[in-house]
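# Tertiary structure, described
So the chains spell out like this:
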Number of protein chains: 2
Amino acid sequence: MRNIRITIEYDGKNFPGWQSQPGKMSIQSEIQKAIFEVTGEEVDVIASGRTDAGVHALGQVANFHTNTNIEINKIPYALNSKLPKSIVIKDAVEVEERFHSRYNCKLKTYRYIVNNSEFPSALERYREFHMPYKLDYEAMERAIKYFEGEHDFKGFKSSGGSEKKTTVRTLTKCSIRKEGTRIYIELTGNGFLYNMVRIISGTIVDVGLGKINADDIPEILKSGDRTKAGKTLPPHGLYLVSVNYDC
Amino acid sequence: MRNIRITIEYDGKNFPGWQSQPGKMSIQSEIQKAIFEVTGEEVDVIASGRTDAGVHALGQVANFHTNTNIEINKIPYALNSKLPKSIVIKDAVEVEERFHSRYNCKLKTYRYIVNNSEFPSALERYREFHMPYKLDYEAMERAIKYFEGEHDFKGFKSSGGSEKKTTVRTLTKCSIRKEGTRIYIELTGNGFLYNMVRIISGTIVDVGLGKINADDIPEILKSGDRTKAGKTLPPHGLYLVSVNYDC
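Residues numbered from 1 in each chain as written. Chains lettered and ligands numbered in written order. Predicted model: local features only at pLDDT ≥ 70, side-chain atom pairs only at ≥ 80, totals over all residues. Heavy atoms only, no water.

## Re the overall build of chain A
Basically, it comes down to this: Per the convention used, a helix needs a DSSP run of H or I reaching at least four residues, while a strand needs a run of E reaching at least two, with both numbered from the N terminus. Values of the radius of gyration come from C-alpha atoms, whereas the globule rule sets the reference at 2.2 Å times the count of residues to the power 0.38. Each residue is placed in one exposure class: buried if its accessible area under a 1.4 Å probe, protein chains only, is under 20% of its type's maximum, exposed if it is over 50%, and partly exposed if it falls in between. In what follows, a contact means two residues having at least one pair of non-hydrogen atoms within 4.5 Å. Positive charges are assigned to Lys and Arg, negative charges to Asp and Glu, while His and the chain termini are left out of the count. For charged residues, the charge sits on one atom: NZ in Lys, CZ in Arg, CG in Asp, CD in Glu.
Helix and strand content of chain A: 5 helices and 10 strands. For 247 residues, the compact-globule estimate of 2.2 N^0.38 gives 18 Å, and chain A sits close to it at 19 Å. Dimensions of chain A, computed from the C-alpha atoms along their principal axes, are close to 60 × 40 × 30 Å. Within chain A, the proportion of its 247 residues that are buried is 55%. Contacts in chain A between residues at least 24 apart in sequence constitute 71% of all its contacts with a sequence separation of at least 6. Averaged over its 35 positive side-chain charges, chain A has a centre that lies 2 Å from the centre of its 31 negative ones.

## Some remarks on the relation of the copies chain A and chain B
Under the convention used in this document: We place the copies in one frame by least squares, fitting the C-alpha atoms of every residue whose pLDDT is at least 70 in both.
Once chain A has been moved 0.0 Å along the axis and rotated by 180°, it coincides with chain B to within an RMSD of 0.0 Å. Here the transformation between the copies is reduced to the relation of a two-fold axis. Measuring from the rotation axis to each C-alpha of chain A, the shortest distance belongs to Glu124(A), at 5.2 Å.

## Quick notes on the interface of chain A and chain B
The following threshold applies: Here the quantity called buried area is the total loss of accessible area, with a 1.4 Å probe, experienced by two parts when brought into contact, counted for both. We define a salt bridge as a contact between a side-chain nitrogen of Lys or Arg and a carboxyl oxygen of Asp or Glu at a distance within 4 Å. Pairing of N or O atoms within 3.5 Å defines a polar contact, subject to two protein rules: one partner must be a possible hydrogen donor and the other a possible acceptor, and residues neighboring in sequence count only if both atoms are side-chain atoms.
Tallying the contact residues gives 25 residues for chain A and 25 residues for chain B. Sorting the residues of chain A by area buried against chain B places Phe119(A), Leu123(A) and Arg125(A) first, and these three jointly supply 36% of that buried surface. At the boundary of chain A and chain B, one finds 4 salt bridges. Remark: the boundary between chain A and chain B carries 14 residue pairs in polar contact (both at pLDDT 80 or more).

## A short note on the pattern of salt bridges
All names here are of chain B. The full count for this structure, using the stated rule, is 30 salt bridges over all chains. Measuring nitrogen to oxygen at the nearest pair gives 3.9 Å for the salt bridge that ties Arg127 to Asp11. Of this pair, Arg127 sits in the loop between β5 (105-115) and β6 (129-130) while Asp11 is found in the loop between β1 (2-10) and α1 (27-39), placing the two residues 116 residues apart along the sequence. Each member of the pair, Arg127 as well as Asp11, is classed as buried. Two residues, Arg111 and Glu186, come together in a salt bridge whose shortest N-O distance is 2.7 Å.

## Topic: the domain arrangement of chain A
All names here are of chain A. Operational definition: Domain ranges listed in this record stem from an automatic or a database domain assignment. Here the term charged refers only to Asp, Glu, Lys and Arg, the term nonpolar to Ala, Val, Leu, Ile, Met, Phe, Trp, Tyr, Cys and Pro, and the term polar to all other amino acids, Gly among them.
Here chain A is partitioned into domain 1 (2-95) and domain 2 (107-244). Domain 1 and domain 2 are separated by 27 Å when their C-alpha centres are compared. Contact residues are listed per partner, giving 15 residues for domain 1 and 15 residues for domain 2. Summed over both sides, the interface of domain 1 with domain 2 buries roughly 1,200 Å², with 58% coming from carbon and sulfur. The largest share of the area that domain 1 buries against domain 2 comes from Asp52, His56 and Leu58, three residues that together contribute 40% of it. One can count 2 salt bridges joining domain 1 with domain 2. Put simply, Asp52 and Arg198 hold a salt bridge, and the shortest N to O gap is 3.5 Å. Tallied by class, residues from the side of domain 1 that touches domain 2 come to 5 nonpolar, 7 polar and 3 charged.

## Describing α1(B)
Residue and element names in this part refer to chain B. To keep it simple, the criterion reads: A helix is expected to span 1.5 Å multiplied by its residue count minus one.
For α1, with 13 residues, the first-to-last C-alpha span of 18 Å sits near the 18 Å given by 1.5 Å per residue. Looking only at α1, the buried set comprises Ile27, Gln28, Ser29, Glu30, Ile31, Gln32, Ala34 and Ile35. Buried residues along α1 sit against β1, β3 (56-66), α2 (75-80) and β4 (87-95). Of the residues that open α1, the one with a side-chain oxygen 3.4 Å from the backbone nitrogen of Gln28 is Ser26.

## Remarks on the side chain of Arg127(A)
For Arg127(A), a relative accessible area of 7% translates into the label buried. Looking at Arg127(A), its side chain comes within polar contact range of the side chain of Glu124(B), at 3.3 Å. In contact with Arg127(A), not counting residues within four places along its chain, are Asp11(A), His56(A), Ile113(A), His236(A), Gly237(A), Tyr239(A), Leu123(B), Glu124(B) and Arg127(B).

## Details of the packing of helix α3 (residues 137-145) of chain A against helix α4 (residues 196-208) of chain A
Residues and elements named next belong to chain A. For clarity, the threshold we go by: Simply put, an axis is a line fit to the C-alpha atoms, just over the touching stretch for a helix, and the angle between two N-to-C directions goes from 0 to 180 degrees. Left-handed is the label given to a crossing in which the near helix is rotated counterclockwise from the far helix by less than a right angle, and right-handed is the label when the rotation is clockwise.
Across the interface, α3 lies against α4 with an axial gap of 8 Å and an inter-helix angle of 140°. The handedness of the crossing between α3 and α4 is right-handed. Across the interface between the two elements, Ala139, Met140, Ala143 and Ile144 of α3 pack against Ile204, Val205, Val207 and Gly208 of α4. For the contact of α3 with α4, a count of residues per class yields 7 nonpolar, 1 polar and no charged.

This is the structure in structure tokens:
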């Protein structure tokens, strides 16, 4: 059987998230439906991880097993012709039969966009978080560096996700940059707890607002206390940028 | 009576364009309705010019006369609280009573976005024109320079707009730049004929495709023949960026 790995861009706005849910078409169920229309096969499309309702992806990765003999470079075209325009398959490659998008994932990169402008943007209203109050960008730059490395992120997760044994994760790169009124927070790591990017981003914003001191971040991380971290920012500012594998 | 000039960002996607039309809320009618809700006055909001269905604006300018005594810096907040989130008032200033957004306009800048990628973008599907075929960017750079200056743009207009006496316009700046797979065409001028930006952009794209020779542009301009210019590109890649006045 062939194992196909696909890279997907999607606009999370009108979906209940990645995962199939009763009664509402999810991103996963749209892709499974497209595969069925193209191949006649009912497959299970496995993503690198779920994304919540409203969260976007520039490079989500998923895989599925199939007996179709469609050429690999025709697969994106075939699936895109059946998918809504809010979901686009950007690449397809053939991988080893045992490859698994979630288990084999080495690193993921997420981006959170904050628009620090007096008025919200009409065009970007479903694509970024609007913060009208003045932010201390230098403090935010200082704060984000404390998240790099291996930490127990127990205080930076929401309950409700799948309960994993350990809450220790490694962030290999944490960066922040500014372009005009927009601030881009980017986190790369070997794994992310439920809502972790939105809570870290909320903490960085709270540092910008002066509600949290940048240099208290190590203490807050150590405490493991959710109430000491910042707010969970809304999903629509979040993007899954890319997923990396060794293979 | 006070004369208020406002700067507006809007997402053109779900509107029939700027101008009020029977039975469908236009951008103009949404703003007039918001003003009525705030002031109780039925005003006529005059824009620098109309935009078509699907066309976006980052900085449309309009003005209206009012007797309201709301402070000028409160006006954007008051109107935004009544407007759909796809229309945002970003600025309001008090201007002389005889100021007119259309008659006093000196320069306008439009941007057209072409995504020259193999697959369309899911996130930008209503915000750019997707062109999957390889474009010769250097030829496009050469072509755009021929549009700068004063020309008779008779061959670069669609019928159906308001029939103006002269079709001579001056483009003070024509530029093109590339960022990743995206190409940004930007035109600044003292006036634009109906669909002029979309036809010039279509001509530049046809140059990129090798359908039109860059160095034939002066000849095509001189001919005044619509059939020699390129296609009218779709509205959703077009943005009214800014409008300039002397005052």
